[in-house]
Amino acid sequence: MAEISTLFVTRLYRAALNDLAKVPVDYDELKRTCETFAEDDEAGQQWCEDNGYPGYTSYASLSDLAWRSPLFADLTKALDKHVAAFCKALEFDLQGKKLKCDSLWINILPEGGTHASHIHPHSVISGTTYVSMPEGTSALKLEDPRLPMMMNAPLRKKGADQAVRPFVYVKPLVGDVLLWESWLRHEVPMNMAEEERISVSFNYNWG
Ligand SMILES: [Fe+2]
């Protein structure tokens, strides 16, 4: 019997944020807080307009959400625990250190908005927690990082195992957190729902 090994694994972490939260995060309140930040952040709105960004992101304008809002401080504490659990699963030798959240930002994607394929440079672990996922809104699309090297690789059969597919779509629930290594290319396809798709994304790096 032949032996087929699995090498160079790409891991995706998914959990309910509040499973590890000391102070549970109320996602209804988080949604209202995200909407309020978006309404009040004129510099952020201007940045989105200048850069052709659909909807709103606080990425370029608010770098201290955890300091501005106790809710975001609680959220970050819970994320710290999930990231630590993921690092353990990845068997990272962190040499006694912990990865730290060095950026955390709000994304509000309106109907018709997309977020094109990208990676998160200068970071180790990246991820998102989902605040509002209306019926019919986009999944997260993840891409095999070896695609540029697959010069003549065949397509995969319909219903092929997720582990061997070149693209994987993940549809998280409100309250979920997804984590991946920051080099993993991902995108948010078009939001086909009428309502906004709201999420909070973050990067963790060496402290
Ligand atoms: Fe991203």
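An unreviewed UniProt entry lists the chain under the name 2OG-Fe(II) oxygenase-related protein, from Neogemmobacter tilapiae.

A. Structural context of the coordination of the iron ion. Those protein atoms acting as donors to the iron ion are His118 (NE2), His120 (NE2) and His186 (NE2), and they sit at 2.0 to 2.1 Å. Mapping the donors of the iron ion onto the primary sequence yields the spacing H-x1-H-x65-H. On the basis of relative accessibility, which here comes to 19%, the residue His118 falls in the buried class.

B. Spotlight on helix 4 (residues 70-90). Over its 21 residues, helix 4 extends 30 Å from the first C-alpha to the last, a length consistent with the 30 Å expected when each residue adds 1.5 Å. Along helix 4, the residues classified as buried are Leu71, Phe72, Leu75, Thr76, Ala78, Leu79, His82, Val83, Phe86, Cys87 and Leu90.

C. Structural detail: helix 1 (residues 27-40). Helix length check: helix 1 (14 residues) gives 20 Å between terminal C-alpha atoms against 20 Å at 1.5 Å per residue, within 8%. Buried within helix 1 are the following residues: Tyr27, Leu30, Thr33, Cys34, Phe37 and Ala38. One side of helix 1 carries all its buried residues, which in axial view fall inside an arc of 135°. The outward face of helix 1, more than 90 degrees from its buried face, is lined by the exposed residues Asp28, Glu39 and Asp40. You can read the cap of helix 1 off the contacts: a side-chain oxygen lies 2.9 Å from the backbone nitrogen of Asp28, and it is on Asp26.

D. Region of the structure containing the sheet that holds strand 9 (residues 186-188). An order of 4-9-6-7 is seen for the four strands of this open sheet, with the pairing classed as antiparallel. The sheet is open, and its two edges are formed by strand 4 (115-118) and strand 7 (167-170), each paired on a single side. Recorded for the sheet is a direction-independent mean angle of 15° between the axes of neighbouring strands.

Cut-offs and rules
Residues numbered from 1 in each chain as written. Predicted model: local features only at pLDDT ≥ 70, side-chain atom pairs only at ≥ 80, totals over all residues. Heavy atoms only, no water. Donors = N, O, S within 2.8 Å, 3.2 Å for Na, K, Ca; no water. Buried < 20%, exposed > 50% of the residue type's maximum accessible area, 1.4 Å probe, protein only. Helix = DSSP H or I, 4+ residues; strand = E, 2+ residues; numbered from the N terminus. Expected span 1.5 Å × (residues − 1). Arc of directions from axis to C-beta. Polar contact = N/O pair within 3.5 Å; in protein donor to acceptor, adjacent residues only side chain to side chain. Pairing = 2+ DSSP bridges. Axes fitted to C-alpha atoms, helices over the stretch in contact; angles between N-to-C directions.

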